[in-house]
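Observations on chain architecture
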Amino acid sequence: MSQTNTSLLDEVVQWSQETCRQRLKSVLPELTSLHHKSESWDDHIRILKIITDMFLPHIGLSELEDECFSQILPKAVTMFDCMLKEILDQVGELSSQNTELRALLRNILQAMMQIIDALSTCVRHIGTFEEAPYLNAIRSLPTCILKVLKETFHHCKESEVVYCGRLSLVADLLQGLFKEAYSLQKGLLELLDRISLDSSASEEEVSYIVTVIHSLLDICSIISNLDIALHANTWKFLIKQSLKYQSLVEEYLHHGDISSSLCDNLLASFHNCVDLAEQMKHAGLQEATQSAEYKLFQKSSKMCRFFANTLVHYLKEFKHFLTKFCSGFYQLYLQIISKFPPSLCAPTLPLVLSEELKAAALIPMEALLLQLLPLRAFAEIVLQKDLRLSPEHELPQCLLLVNVLGQLAYQPEEVLKLWYTGSQFSEDTPRLPLYQALFSSFRRCYIERQAPVLLPGVMMKGQAQVNVTLHQHICVQLCSNVAALPHTYFPVLEHCLFDALLQADTQTALLATDVWCFTARYGTAELCLHHVLLIAQLAKACTGECQESFHLGLLLKRMVFLMTPNHQMELVTRFPPSELENLPVWRHVLLRALSTEAGQRVETDVISLTQNALSDWQSGGCKLGQVNKVNTALLSLLAVVGGQSSPEEQCMLSLVKIVTQLWLRISPEQVLTQPVLQRTLQLLLSLSAILVKDIEHQVILQALMCVETVVSQKCADQLLLAALEFLASLGKISFPPDNQSQILPRLSSLFGVLLSDRYWLLHQHALEAFSHFAEITTHEEVISQSLSEEETKTKVVNYLSKTVSSQEDEESRLQRLKLQTAVIEQHNERLQNDTVENSSNKVAAPAAADPEPCSKRARQETSAEEEYSRYIQTAESALKALQALIGGQANTAAPPPQWLESRLQELQTLITNIRTAPHTI
């Protein structure tokens, strides 16, 4: 700087305020010119301080921008940037021994503080005016200050990295620099808050406000980890300005950046709270409300609540500009919900801390969801088909859908249509109806269903609130929603219930059944009849054993209870039990659900039909091709027998006669080779378990001999389970001494074999069957003889005493459930694929179609050799039964009938004729 210029500065600093005011017009241009030309930092700062301290107080508001701010502030920002660059260039050589560099860097930091102080002086001066400043009068000031603040905060934030272990040499100045910047920003925000723009604002002014808002957003991203109060206040002002000028700036704001930054800050605060709560728990500080950790937790939770409420408010005001960012809101919701119970990945936190965290984050999520409901883009994300989520987000997705369900009752028609109906046109983004999405989501929560996770139940008057399973929680919410559902959406509901009923997962089908039963009960009797007739028709068309038939039967069995007596008779009329093709319907209906008239009609018709089917089978030579008809009748007969407490005497005689006839026809050897006969035996064992008190002991012996053969050959699990059911029922019988020698040893042997089975399912059922038998039997020797092996005895004793051999820890259990999930999903997918392939045959079958075309069934008899084998086995089985009967009567006073000898001679002659026939080899 020249001597002349130096003299001018030396002279000016001696002036009084009055002299400065008088010489303002002549000296200020010269000073601003010197400031612009100055090259050294010292000269720059000296001139800057002279202008701001001595001349600025005398400049009017209208002259500030043109005569001062626009002349000095851009150069001040440039010099500030140069100082920062110099620090970065020199700081690598900084050390406690390098005193010269240390002094240089400290001087630079002090110079930066002086620039910030000069800017603060400018802000304070504007605050002295009574009139609110208008934007053009101070245009250069906010933008220059924001640039300086941004660089200052960034330098402070990165100071540990920048000074790399030598921070202590300048820490005091950095702290002072931060405080000066903090104070400057506070003053700037107060200044900007006084400015107002109306609808007549120019595009330049609007663009300026948008730039200020975006600059504040950049600062927010920098100061997030520096100071909580500064961060919160900056965000408050940013949102306040956005709303203050909403109509002017809403089309120009970077809504995606603002909303994503709010989401990021919310998540960061939330995770910080969770981490602090876990640390307090592990340190045992959860009760120490005066500890530093707890106070820090409270600050973090306040920030979490602030960001959550701010996000909700921002979304409420600008939702139409945020539709393309719904994916971020959706992920935010899932991430926060996943950290609260009942989510399995949620941390276990102390109650006090957990409640504070709920108030800070969980409750605002409900308000967030309420704002998102009307947005089509959000619905399309939540309800998208083939949704793939990480395992920890499956339950949050399910709870999200439940929460949507709960809030729809208060929404307008267009929102209801958006969520309830799904996509309507091919050009729409595919989305599921809400009900279908909820059932699909529930199905994917396999681990949570098995754990099971628990949620707060609905509070009832006079009852304490209890926790309920996920199934119960969703069922209650669904039924509550159905009760308020407009009638126009009932077809969609029925369609979704039907889909859920016929899919592979049984618990999902059970949930659909619960809701369907509520729908039928809540509606009119005619609606219930309509549903029952529909389900009955589908059950009739669903031939064979499959999950669709089981699920339809589950619903039909329950809905018949809800019908009026007249409607039950209409069901009987529509599907007469006297016709074989209708038996797939009545196999699912319990007689106790029917009125007396309807029950007697069904019972009589089913028993009569079973007798006729059995007679036709026997008269036709007991051909394998006709066994399916017998099985169909037996299945319905089982429903009749099991669906009432005590059949009438005449019916009981008919039932026992049918069972006896079948036992005398069953050949154990043939059962082993024919799956259709295994099904017959399974049904026969179940029937015998119910009717066991009325079956003759010799027939029971025949049954035990058959079971012996089946057990020895390891037949299908369903057959063995039916055998266990039959064995357990024999505890009701007190066998006479003449039968005990043949029956009791077989009982002991069978129990012993089944109790030692290594397959866990059979072993568990064997334990249950044996314990039931042991509780009611009078033949205690069977118990001791069944437990001849020490290992088996130990297992039974442990079972009866409810002793747990090994306790599975929670982590191992969850890992096991995860492995099971993959297996079950594959199994359900395979069942689902089979359903799709066979749906036209199973569900769309004509009502009057012949369930068993003779021309096709006859082809099941593949060769003459099979017929020879079948008849020989039948004869052999009958002769063995006769032998057992004669052996049993030999121990009593009653001799065999007199005609027996002559009939045996006739049989002998018949056998001789067969052996000597021309074609006999």
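See the structure shown above.
Okay, so let's go over this structure.

Cut-offs and rules
- Residues numbered from 1 in each chain as written.
- Predicted model: local features only at pLDDT ≥ 70, side-chain atom pairs only at ≥ 80, totals over all residues.
- Heavy atoms only, no water.
- Helix = DSSP H or I, 4+ residues; strand = E, 2+ residues; numbered from the N terminus.
- Rg over C-alpha atoms; globule rule 2.2 N^0.38 Å.
- Buried < 20%, exposed > 50% of the residue type's maximum accessible area, 1.4 Å probe, protein only.
- Contact = heavy atoms within 4.5 Å.
- Areas by Shrake-Rupley, 256 points an atom, 1.4 Å probe, with all protein chains shown as cover.
- Lys, Arg positive; Asp, Glu negative; His and termini not counted.
- Charge placed at Lys NZ, Arg CZ, Asp CG, Glu CD.
- Salt bridge = Lys/Arg side-chain N within 4 Å of Asp/Glu carboxyl O.
- Core = buried A, V, L, I, M, F, W, Y, C linked by side-chain atoms within 4.5 Å.
- Patch = residues over 30% accessible without salt bridge, like charges linked within 9 Å, V, L, I, M, F, W, Y side chains within 5 Å.
- Phe/Tyr/Trp six-rings, centres within 6.5 Å; stacked < 30°, edge-to-face > 60°.
- Polar contact = N/O pair within 3.5 Å; in protein donor to acceptor, adjacent residues only side chain to side chain.
- Expected span 1.5 Å × (residues − 1).

**Some thoughts on the overall build of the protein**
Broken down by element type, the protein carries 42 helices and 2 strands. Taking 2.2 N^0.38 as the reference for a compact globule, 921 residues should give roughly 29 Å; the C-alpha atoms of the protein span a radius of gyration of 44 Å, well beyond that estimate. Summarising its shape, the C-alpha atoms of the protein cover approximately 155 × 60 × 60 Å along the three principal directions. In the protein, buried positions account for 49% of the 921 residues. At a minimum sequence separation of 6, the contacts of the protein that also span at least 24 residues come to 77%. Surface summary for the protein: the accessible area is close to 44,300 Å², and the carbon and sulfur share equals 52%. The positive charge centre, built from 74 side chains, and the negative charge centre, built from 102, are 2 Å apart in the protein.

**Thoughts on the environment of K236**
Tracing the backbone through its elements, the reader meets K236 in helix α10 (residues 228-244). For K236, a relative accessible area of 47% gives the class partly exposed. In sequence terms K236 and T310 are 74 residues apart; their C-alpha atoms lie 8.2 Å from each other.

**What about the pattern of salt bridges?**
Taken as a whole and judged by the stated rule, the model has 20 salt bridges. The salt bridge involving E67 is made with K25; its shortest N-O contact spans 3.2 Å. Placement of E67 in helix α4 (residues 64-90) and of K25 in helix α2 (residues 17-37) is noted, with a sequence separation of 42 residues between them. With relative accessibility at 28%, the residue E67 sits in the partly exposed group. The exposure class assigned to K25 is exposed, which follows from its relative accessible area of 57%. With its nearest N and O atoms 3.7 Å apart, the salt bridge here joins K540 to E581. With K540 in helix α24 (residues 525-541) and E581 in the loop between α26 (565-574) and α27 (583-586), this pair connects stretches of sequence that are 41 residues apart. A relative accessible area of 21% means that E581 is categorised as partly exposed. Each of K49, D53 and D117 takes part in one network of salt bridges that share partners.

**A look at the nonpolar core**
One broad trend across soluble globular proteins is that nonpolar side chains are buried collectively. The biggest cluster of nonpolar side chains holds 296 residues, and the ones touching the most others in it are F55, F69, W235, F378, W419, L730 and L747. With 14 residues, helix α5 (residues 99-127) is the single largest residue contributor to this core. Other than its neighbours up to four places away in sequence, F55 contacts V12, W15, C20, L24, V27, L28, L31 and I50.

**Focus: a positive patch on the surface**
A cluster of like positive charges, contributed by K295, K299, K302 and R305, occupies part of the molecular surface. Counting through the fold element by element, K302 comes out in helix α13 (residues 292-318). Judged by its relative accessible area of 57%, K302 is exposed.

**Some thoughts on the packing of aromatic side chains**
Tallied over the full model, the rule gives 16 aromatic pairs. When the centroid spacing of 5.1 Å and the interplanar angle of 45° are considered together, the rings of Y420 and Y489 count as tilted. Taken together, the residues Y420 in helix α18 (residues 413-420) and Y489 in the loop between α21 (470-483) and α22 (490-502) connect sequence positions 69 residues apart. Of the two residues, Y420 and Y489, neither departs from the other in class, the shared state being buried.

**Some remarks on a nonpolar patch on the surface**
A cluster of nonpolar side chains, namely L879, L904, L907, L910 and I914, defines an oily patch on the protein surface of about 430 Å² accessible area. Per element, the largest residue contribution to the nonpolar patch is 4 residues, and it comes from helix α42 (residues 899-915). As for its placement among the helices and strands, L904 is situated in helix α42.

**Focus: the side chain of E448**
Within the fold, E448 resides in helix α20 (residues 446-450). Buried E448, no salt bridge; nearest opposite-charge side chain is R449, N-O distance 7.0 Å. Contacts of E448, omitting those with residues within four sequence positions, involve L344, P391, L395, V453 and L470.

**Here's the deal with the side chain of T421**
By the element assignment, T421 lies in the loop between α18 and α19 (434-444). At 2.4 Å, the side chain of T421 and the backbone oxygen of K417 are in polar contact.

**Re α10**
With 17 residues, α10 extends 24 Å from end C-alpha to end C-alpha; this agrees with the ideal 24 Å at 1.5 Å per step. Every buried residue of α10 is accounted for by L230, H231, A232, T234, W235, F237, L238, I239, Q241 and S242. In this fold, the buried residues of α10 make contact with α6 (140-157), α8 (171-194), α9 (203-223), α11 (246-249), α12 (255-283) and α13. Here α10 starts with a cap whose side-chain oxygen sits 3.1 Å from the backbone nitrogen of A229, and that cap is D227.

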